[in-house]
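Listed below are the residues making up each chain.
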Amino acid sequence: MNLSLAAEEVATFYGKMLDHEYTTKEVFQNNFFSDWRKEMTAEERKVIKHLDKCDFTEIHRYFVDRTAARKALSKEEKQKLKEEAEKLQQEFGYCILDGHREKIGNFKTEPPGLFRGRGDHPKMGMLKRRVLPEDVTINCSRDSKVPEPPVGHRWKEVRCDRTVTWLAAWTENVQNSIKYIMLNPSSKLKGERDWEKYEVARRLKGVVGEIRSQYRADWKSPEMKARQRAVALYFIDKLALRAGHEKEEGETADTVGCCSLRVEHIRLHPEADGRPYVVEFDFLGKDSIRYYNKVPVEKPVYENLQLFMENKGPGAELFDRLTTASLNKHLQDLMDGLTAKVFRTCNASLTLQGQLRALTRAEDGVAAKVLSYNRANRAVAVLCNHQRATPKTFEKSMQTLRSKIEAKVKQVAEAKAELKKARADHRSRGDSRSKSFLEKRGRLLEKLEEQLRRLSMQATDKEEGKQVALGTSKLNYLDPRISVAWCKRFGVPVEKIYNKTQREKFAWALDMAGEDFEF
DNA sequence: AAGATGACTTAGAAACGAATGG
DNA sequence: CCATTCGTTTCTAAGTCATCTT
């Protein structure tokens, strides 16, 4: 069936995704179909009444072919495309801020498509509309040259607001939230804020002892609200949980953080695995990532939790007298600039610093030191519950790595035998030719052994990290000065820890951290 | 005081492109 | 040289938190 332009475009959004799991979900299908019908002409609507009677395979094939064709392009054609992209980047990807040319993070508006929410999102599959110039507000200084809207169009508004950092913004139709064009993490502005964030976290380190004695005292407070706050704060401090705002029901996936925990999300065990007063957490957090943990807690915490759960159903709020606003207000009183998330930053950075101290051995080679760093990084990722889906090809690539190791072990054994032979040969002959041959064999064995060491390290690393995402903590929670100082102290080139982009983002730390920096 | 809004950080997945090895 | 693998970059959703509005 030939479709109208609008209906066809929306159909392609679905057809493109045909081999994605999303299209098997009922919510996704229903939302898509309902929004698709809105784009149809009255005639189309009369014909197209059931999604399961629509066949998108031809559309799907078109996009598969197009991808293949793009991949098959000649070197020159690919180079040309690359140059065009670079030209766009140069023209639109930068701005002037306070006289400095700064890179923009996302300089393109988001294209239309089907909304891909995470977890059980009630709006998955809805149509995300195309952004028009008429939707976009431009923010730039009064004396600057205002960017031209595309021909025949106009901006929604041009304003000059010096109190915010965004360059352009529009409202997105699915969640009715504002989307922004902002600077790249390498910019001075973002760098300064990043530095400030870690300075606040360092200040918390100085007063956290006091805060702990305070909330311990509050566990016995006659006021229920103070008790709940004190127990919640204990979790945020000890387990690095997120604050956990109330969310509007039916608008987003059902996820929680500390303050929004419900009775159904924890189980109390008087004793578990030989430890007393154990709390078992099981809930979906940000991005619908499951948080599962069994932690022994102090007795008053346990007893308070029993109290909070009394006479409540599984769907009831655990901390019914507590909100993130009141918690943060309390924290603000304890330390200037303190909010719930600062605990996460502080805990993460201290964990990295402590783990590096515990794991690094000065006599190790660079590769082993980098492995130690990754282990320390991993400890933080586990603390913050940063997970990823096990890569689809994990088992396969693990298997190849294992066989590579086996092969290398054999090679080493052979090289050893060869070396032995060469040594005997040299002893009996004693000439320079057999000597240089012996040396050659020695070097070969060394090289192979080094390769083997590297491979087995790789294997350990891979297995331990298959479900752990290291990037998020590295980018957002670990004070880069800790890493820079560690690199300097142990003679590890910083490039082994931070790639180019990361070095640009952390330029401020590369400059300022000496080898004796302490968080 | 509560709820809504706006601005910003944090998050994992997907796309992309360079390195590696058969 | 090509296919596969793996690290990097891009994308945009989903949080946090302050401030505005009612």
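None of these values were measured; they are calculated from a predicted model.

### Remarks on the protein's contact with DNA strand B
Near DNA strand B, the surroundings consist of 27 residues, among which H20, K190, K197, K286 and Y477 are the closest. Here DNA strand B approaches the protein such that, of its atoms within 4 Å, sugar and phosphate make up 85%. For DNA strand B, a phosphate oxygen lies 2.8 Å from a polar atom in the side chain of R242. Between a phosphate oxygen of DNA strand B and a side-chain N or O atom of T472, the distance comes to 2.7 Å. Where the surface near DNA strand B is concerned, the elements lending two or more residues are β8 (178-181), α6 (188-218), α10 (340-359) and α14 (471-476). Sort the elements by how many residues they give to the surface near DNA strand B and α6 lands first, with 3 residues. Per-class residue counts for the surface near DNA strand B are 8 nonpolar, 8 polar and 11 charged.

### Structural notes on the nonpolar core
Ranked by size, the top nonpolar core spans 71 residues in total, and within it L204, F235, F281, L305, F319 and F343 carry the most contacts. Broken down by element, this core gets its largest block of residues, 8 residues, from helix α7 (residues 224-239). In this structure, this core is formed jointly by two domains, domain 3 (189-338) and domain 4 (364-512), each of which donates at least three residues. If near-sequence neighbours (up to four positions away) are discounted, F343 is found in contact with L204, V208, I211, L233, I236, D237, L331 and L338. Counting residues in each nonpolar core, the second largest holds 18 residues, with A7, Y22, W36 and L127 among its members.

### Some words on the environment of P222
Mapping P222 onto the fold places it in the loop between α6 and α7. It is 53 Å that separates the C-alpha atoms of P222 and A368, two residues lying 146 residues apart in sequence.

### Topic: the sheet that holds β8
In space, the 4 strands of this open sheet follow the order β6-β5-β7-β8, with mixed pairing throughout. The open sheet terminates on both sides in strands that have one partner only, identified here as β6 (157-159) and β8. For this sheet, the mean angle separating the axes of adjacent strands, direction not counted, is 20°. Across 3 bridges, strand β5 (residues 137-139) lies against β6 in parallel orientation. When the bridges of β6 are listed, N139 appears paired with R159.

### Quick notes on the pairing of strand β10 (residues 275-284)
Where strand β9 (residues 266-272) meets β10, 6 bridges bridge the pair, whose relative direction is antiparallel. By the bridge assignment for β10, E271 is matched with P276. Pairing analysis gives 7 bridges linking β10 to strand β11 (residues 290-296), with the strands arranged antiparallel. Considered in β11, the bridge of L284 is made with R290. From the end of β10 to the start of β11, which pair antiparallel, there are 5 residues, and D287 there has a positive phi angle of about 60°.

### Here's the deal with the packing of aromatic side chains
Using the criterion set out here, one finds 24 aromatic pairs in the structure. Ring geometry for F32 and F56: centres 6.1 Å apart, planes at 65°, overall edge-to-face. With F32 in helix α2 (residues 26-39) and F56 in the loop between α3 (42-47) and α4 (57-71), this residue pair connects regions lying 24 residues apart in the sequence. As far as the burial class goes, F32 and F56 line up, both buried. Ring geometry for W36 against F56: centres 5.6 Å apart, planes inclined by 50°, an arrangement best described as tilted. One end of the pair, W36, is in helix α2; the other, F56, is in the loop between α3 and α4, with 20 residues separating them in the sequence. Grouping aromatic residues by their ring pairs yields a cluster made of Y215, W219, Y234, F235, F281, F283, Y291, F308 and F319. Note that R101 overlies the ring of Y94, its terminal NZ or CZ placed 3.8 Å from the centroid.

### Considering the side chain of K369
Structurally, K369 is set in helix α11 (residues 366-383). Buried within the structure, K369 lacks any salt-bridge partner; D364 is the closest side chain of opposite charge, at an N-O distance of 7.4 Å. Discounting residues that sit within four places of it in the chain, K369 has contacts with T360, R361, A362, D364, W486, F490 and V492.

### Looking at the domain arrangement of chain A
Here chain A is described as being made up of domain 1 (5-72), domain 2 (92-181), domain 3 (189-338) and domain 4 (364-512). Here the C-alpha centre of domain 3 lies 35 Å away from the C-alpha centre of domain 2. Counting residues at the interface gives 9 residues for domain 2, matched by 8 residues for domain 3. With both sides pooled, the region where domain 2 packs onto domain 3 buries about 690 Å², and carbon together with sulfur makes up 55% of that total. The largest contributions to the domain 2 side of the interface with domain 3 come from R118, P122 and T165, which together make up 52% of the buried area. The partner of E251 in a salt bridge is K123, and the shortest N-O contact between them spans 3.0 Å. Along the contact surface separating domain 2 from domain 3 lie 3 residue pairs in polar contact (both at pLDDT 80 or more). Its residues assigned to classes, the side of domain 2 that touches domain 3 shows 2 nonpolar, 4 polar and 3 charged.

Rules of the game
- Residues numbered from 1 in each chain as written.
- Chains lettered and ligands numbered in written order.
- Predicted model: local features only at pLDDT ≥ 70, side-chain atom pairs only at ≥ 80, totals over all residues.
- Heavy atoms only, no water.
- Near = heavy atom within 4 Å.
- Polar contact = N/O pair within 3.5 Å; in protein donor to acceptor, adjacent residues only side chain to side chain.
- Helix = DSSP H or I, 4+ residues; strand = E, 2+ residues; numbered from the N terminus.
- Nonpolar A, V, L, I, M, F, W, Y, C, P; charged D, E, K, R; others polar.
- Core = buried A, V, L, I, M, F, W, Y, C linked by side-chain atoms within 4.5 Å.
- Buried < 20%, exposed > 50% of the residue type's maximum accessible area, 1.4 Å probe, protein only.
- Domains from an automatic or database assignment.
- Contact = heavy atoms within 4.5 Å.
- Pairing = 2+ DSSP bridges.
- Axes fitted to C-alpha atoms, helices over the stretch in contact; angles between N-to-C directions.
- Phe/Tyr/Trp six-rings, centres within 6.5 Å; stacked < 30°, edge-to-face > 60°.
- Lys NZ or Arg CZ within 6 Å of the ring centre and 35° of its normal.
- Lys, Arg positive; Asp, Glu negative; His and termini not counted.
- Salt bridge = Lys/Arg side-chain N within 4 Å of Asp/Glu carboxyl O.
- Buried area = accessible area lost by both parts, 1.4 Å probe.

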